[in-house]
Structures are given as C-alpha cells and as structure tokens.
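# Analysis of the macromolecular model
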Amino acid sequence: MNWGSLHEFLAMGGYALYVWGSYAVTALCIGLELWLLARRARRARSGT
Amino acid sequence: MTIDSDSLDDETSGRGSALLRFAAPQAFFPLAGRMLAWFGALAAAFAAAGLYVSFFVAPTDAQQGESYRIIFIHVAAAWMSMFLYVVMAGWAALGLVLSTRLSGMMASAIAPTGAMFTFIALWSGALWGKPTWGAWWVWDARLTSELILLFLYFGFIALTSAIDDPRRADRAGAVLAIVGVINVPIIYFSVKWWNTLHQGASVSLTQAPSMAATMLTGMLLMALAAWMYSFAAALWRVRSIILERERDADWVRGLRGVQ
C-alpha cells in the first residue's frame, strides 16, 4: 500500500494534474466510444 | 451460402472450411456477438486487476515520483495504437487479395479504436512530458511519427467514409492502410535510430526489463486490458457495419422482424 490517506492518494505526490488528467481523459474516450458503439448498434438493428 | 460451404468441404479439411464459413458476414455476426461478450468481460477483469496493481502495489519511482504512474496507460495505449494499425492493414490487405467482404468491414471496424488509442498515447505522453521534460510536446522522432499514425487513422476513416460504394471504399482504404504500415516500424525503432528525447524501450524481447517487477506486472495487465477492450470494441462495431451494409438481405430483415 502506497498511500496513507485518500488525500495523499488524490494528490499523487504533487502530480495529480498529470496523472489524473491522463486517466480521466482515457476513461472519457472509452466512455464516449462505448456510447457511440451502443448508439450505432441500436440504429443498425432498427434499420434507421 | 450453404452451397459455398458444401462445395468447399470437398476441397479443404475441417478447420479450413469452418474458417471460410465464418468469412461470410451472416455467419460471423452471431459469432462476433459471443466473442464480444467474452472479450468485454476479460477487458473489465484485466483493467480492474491492472489498476489495482498500478496504484496500490507498484512502488513510487525513485526518480520520477508518482508521475511515472502515467506509464500504465501510456504504454498500453501506444502498443495498441501500433498493433491495431498492423491488424487493420492486415485485414485490408486480405480484402484486396481475396476480395472477401468481411475483411474490409473488419478494417473499418478497427480504425476508430486505433485512432482513439493513438490519441490517448499522445495525450498521456504530453501530460507525462510536461513534468519530466518540461515540455508538453517536442518535435522528436518518436512523437512525430506517432502523430503521423493518428493522421493515417484519420485519413483512412475520412477516405473510406467519403466513398459511397463500400467495396470501392474498402479497396481505396486498403491501399492507404498498406502504404501507411511503413510508419509502424519507424515509430517502434525511432528511439534507436534517432537521438530522441523520448526514452528507449522499457521492455524488449532481448533484454531484461529495466523496471521493478510489480511495475511491469501493472503495465502488462493494463496492456492486456487494452487488448481485450480493442477486440470487443472492434467486434461490436463490425456487427453494426454488417447490419448496415447488408440491410436489404433477407437475414437482416428477418432479424428486425420485418418479415
């Protein structure tokens, strides 16, 4: 275990912007792609 | 459909004919659905394990502190960006040679996911470059060739969606994809061929990895998660592409309950 507290975990040793900026944008990209995939699948099924 | 596979059974032995049967979009559609569920579940499992190891098991880096934790998505995304391009070009080439309909559909299904991972590799690289190099971006051989990879994906997507006839779109896209493959070894070897700011490979086939075992475990788990996710995403997309392109076929109309 590397972190003494939640605050310490979120602070990422002062690199919070860089570390969480990378992970958050990755999560956003994947979320967006899954949403687009679901929408396309729905439209392809209904034939519109 | 049945006539094809029956006549092929005479010439090819079991496994070969089974593979050829699945080259038909109609037969591949349900198979892709089953595989997509498995790959999706594996992606979630590997991502959970990978994130746990990346944040709670892997130690703080002696030189870079916590900023190095970007590596777990950066390397996975960068590997996938190159790997997916090669797979995409492989399907495209197969489509050119064999003229199978499914090949072009697979190439089109992979491109957006490949572009997404290329973007993530560049984005996480910028966020890693700022604290370690002091710059978001440098025109270094590794970074520049990775940016070219992103433009190749965009070019492929733009070209194939600009041509109305799917078969012609597939062929035009295939030529672009195959020519662009030359960029992949350039990205991979750029850190050796040029004097780059980007560090060399942390993991190679010929040398022991230059990092702690738990860091390596986290990286490999995240890479596996990215791999499984890519397969799931491409299979999900190809199912939609199959339905879109075959929308007037009886089996698709039957699927929609039109008949």
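Refer to the preceding data block for the structure.
Residues numbered from 1 in each chain as written. Chains lettered and ligands numbered in written order. Predicted model: local features only at pLDDT ≥ 70, side-chain atom pairs only at ≥ 80, totals over all residues.

## Quick look at helix H2 (residues 16-46) of chain A
Residue and element names in this part refer to chain A. Look at H2: 44 Å from first C-alpha to last across 31 residues, which is about the 45 Å you get at 1.5 Å a residue. Taken together, the buried positions of H2 are Tyr 18, Val 19, Ser 22, Tyr 23, Thr 26, Leu 37 and Ala 44. In the stretch just after H2, Gly 47 is the one whose phi turns positive, near 80 degrees. (Helix = DSSP H or I, 4+ residues; strand = E, 2+ residues; numbered from the N terminus. Expected span 1.5 Å × (residues − 1). Buried ≥ 20, exposed ≤ 12 C-beta atoms within 10 Å, placed from the backbone.)

## Remarks on the interface of chain A and chain B
Between chain A and chain B, the contact holds 21 residues from the first and 28 residues from the second. Broken down by class, the residue content of the side of chain A that touches chain B amounts to eleven nonpolar, seven polar and three charged. (Contact = placed C-beta atoms within 7 Å. Nonpolar A, V, L, I, M, F, W, Y, C, P; charged D, E, K, R; others polar.)

## Description of the packing of H2(A) against helix H9 (residues 213-245) of chain B
Contact geometry of H2(A) with H9(B) gives a least axis separation of 9 Å together with a crossing angle of 25 degrees. Relative to H9(B), the element H2(A) is oriented roughly parallel. The way H2(A) lies across H9(B) gives a crossing that is left-handed. Contact residues: A:Glu33, A:Leu37, A:Arg40, A:Ala41, A:Ala44 and A:Arg45 in H2(A); B:Ala233, B:Trp236, B:Arg237, B:Arg239, B:Ser240, B:Leu243 and B:Glu244 in H9(B). Taken together, the residues that form the contact of H2(A) with H9(B) break down as six nonpolar, one polar and six charged. (Axes fitted to C-alpha atoms, helices over the stretch in contact; angles between N-to-C directions. Parallel < 35°, antiparallel > 145°, perpendicular 65-115°, else oblique. Left-handed = near helix turned anticlockwise from the far one by under 90°.)

## Side note on the packing of helix H5 (residues 101-133) of chain B against helix H6 (residues 141-162) of chain B
Residue and element names in this part refer to chain B. Where H5 meets H6, the closest approach of the two axes is 9 Å, and the angle between their N-to-C directions is 150 degrees. With respect to each other, H5 and H6 are oriented roughly antiparallel. Crossing geometry of H5 relative to H6 is assigned as left-handed. Touching Ser 108, Ala 111, Pro 112, Gly 114, Ala 115, Thr 118, Phe 119, Ala 121, Leu 122 and Gly 125 of H5 are Leu 143, Glu 146, Leu 147, Leu 149, Leu 150, Tyr 153, Phe 154, Phe 156, Ile 157 and Thr 160, all from H6.

## Comments concerning the nonpolar core
B:Ala76, B:Met88 and B:Ala232 are the most contacted members of the largest nonpolar core, which has 74 residues in total. Secondary structure elements with two or more residues in this core: H2 of chain A together with helix H3 (25-57), helix H4 (71-98), H5, H6, helix H7 (166-180) and H9 of chain B. Sort the elements by how many residues they give to this core and H9(B) lands first, with 18 residues. Aside from chain neighbours lying at most four places away, what touches B:Ala76 is B:Met219, B:Met222, B:Ala223 and B:Ala226. (Core = buried A, V, L, I, M, F, W, Y, C linked by C-beta atoms within 7 Å.)

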